[in-house]
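For reference, the chains in residue letters:
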Amino acid sequence: MAEWLNRAFYSFDFALLEFGHNMHIAAGGFFDGFWKFVTVFGDGGIILILISLVLIAFKKTRKIGLTMFGAIAIGALITNITIKPLVARPRPYADETKIFYTWWKAAGSVQESEFSFPSGHSTASMAAMMAFFLAGNKKYSWTGFFAVLLIGFSRIYLCVHYPSDVLFGFIVGIIAGAISYLIVWFIYKYLKGKKLGDILYEKDIITLYHFIKNKYFNKNKTATVQGELDSNQNLQDTMENVAGKDDSLTTSVESGNVLSDNENIQNNDNKNIENIVLDTKNITDKEN
């Protein structure tokens, strides 16, 4: 397959690679740094993934972010995991006997791993921008394709990909973006009016953070606080019961003292009456 690609697209690949090298020669290497900088935006799709995650964080741009993220993932699945190992096309600079190796050295000798076909940078950038175009406002979202062209050409200028690698990367990216758009569209349609759909539609990152925190992470805290309140209430009830028993005991003791005092008074009164009776009897006996 790799040999067939080299033969079938030789003229196309050679013409564009030569154009990139002639640009390098004409500008005296002035654009080398610029194209190295541009190509970084497609490295592993990392920057594009970060952009999609930022868009997912806000409800107004969440659909675009989800579509971009899905498109990049689908593109990587098709390109890096499936097609590249199957085709196993070497990089243009892999053969040191060919002119492409000389052009690669002149452009800065940027090292790349894995195989060449199709271009992962081109796939990721096209997938992301296709998703951005389909899910976004088409009045301005089409401008993202300029970035795709720049990233694609940077791979040709640096001589790390054949132009046919970039072309097929664009095709895979378009397919991946369209598939992701359809998937997200169905998800939004299915979840509309449902609880999970309300989260998807209505909550931005801050609201979603508080929602998840209160729903899943504050349960233990709430239970702990409630337990502490219940313990405090039980302690307070116990103290009140003890205080009530102390009051009853005090009342009982005081009542006992009062009864004892009454008994003493009664005994004294009885003794006084007995003494009066005895005195009266003695006086009567004397008179007689």
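Look up a bit, the structure's there.
Only a predicted model underlies this, so the values are computations on that prediction, with no experimental measurement involved.

The rules we used
Residues numbered from 1 in each chain as written. Predicted model: local features only at pLDDT ≥ 70, side-chain atom pairs only at ≥ 80, totals over all residues. Heavy atoms only, no water. Helix = DSSP H or I, 4+ residues; strand = E, 2+ residues; numbered from the N terminus. Buried < 20%, exposed > 50% of the residue type's maximum accessible area, 1.4 Å probe, protein only. Contact = heavy atoms within 4.5 Å. Core = buried A, V, L, I, M, F, W, Y, C linked by side-chain atoms within 4.5 Å. Salt bridge = Lys/Arg side-chain N within 4 Å of Asp/Glu carboxyl O.

S.K.: I'm lost on the overall build of the chain in this one. Help?
M.R.: Scanning the chain for helices and strands turns up 12 helices and 0 strands. Listing every helix and strand of the chain by position from the N terminus yields α-α-α-α-α-α-α-α-α-α-α-α. A buried classification covers 34% of the 288 residues belonging to the chain. In the chain, 76% of the contacts between residues at least 6 apart in sequence involve partners at least 24 apart.

S.K.: Any chance you could explain the nonpolar core here in plain terms?
M.R.: Residues Leu17 and Met68 are the most contacted members of the largest nonpolar core, which totals 36 residues. If you list the elements that add at least two residues to this core, you get helix H3 (32-40), helix H4 (46-56), helix H5 (62-87), helix H6 (99-106), helix H7 (120-135), helix H8 (144-157) and helix H9 (163-191). Looking at this core, the element that brings in the most residues is H7, giving 8 residues. Those residues in contact with Leu17 that lie beyond four places of it in its chain are Phe100, Trp103, Ile156, Cys159, His161, Tyr162 and Pro163.

S.K.: What should I look at first to understand the environment of Gly169 in this one?
M.R.: Here Gly169 is to be found in helix H9. A C-alpha to C-alpha distance of 7.9 Å links Gly169 and Phe117, two positions 52 residues apart in sequence.

S.K.: I keep staring at the pattern of salt bridges and nothing clicks. Help me out?
M.R.: Side chains that differ in charge, positive against negative, can pair when their charged atoms come close. For the coordinates displayed, the defined rule picks out 3 salt bridges. Note that Asp165 and Arg89 form a salt bridge whose closest N and O atoms lie 2.8 Å from each other. Here Asp165 is found in helix H9, whereas its partner Arg89 is found in the loop between H5 and H6, with 76 residues between them in sequence. Comparing Asp165 with Arg89, the two get one shared label, buried. A salt bridge links Arg155 to Glu112; the nearest nitrogen and oxygen atoms lie 3.0 Å apart.

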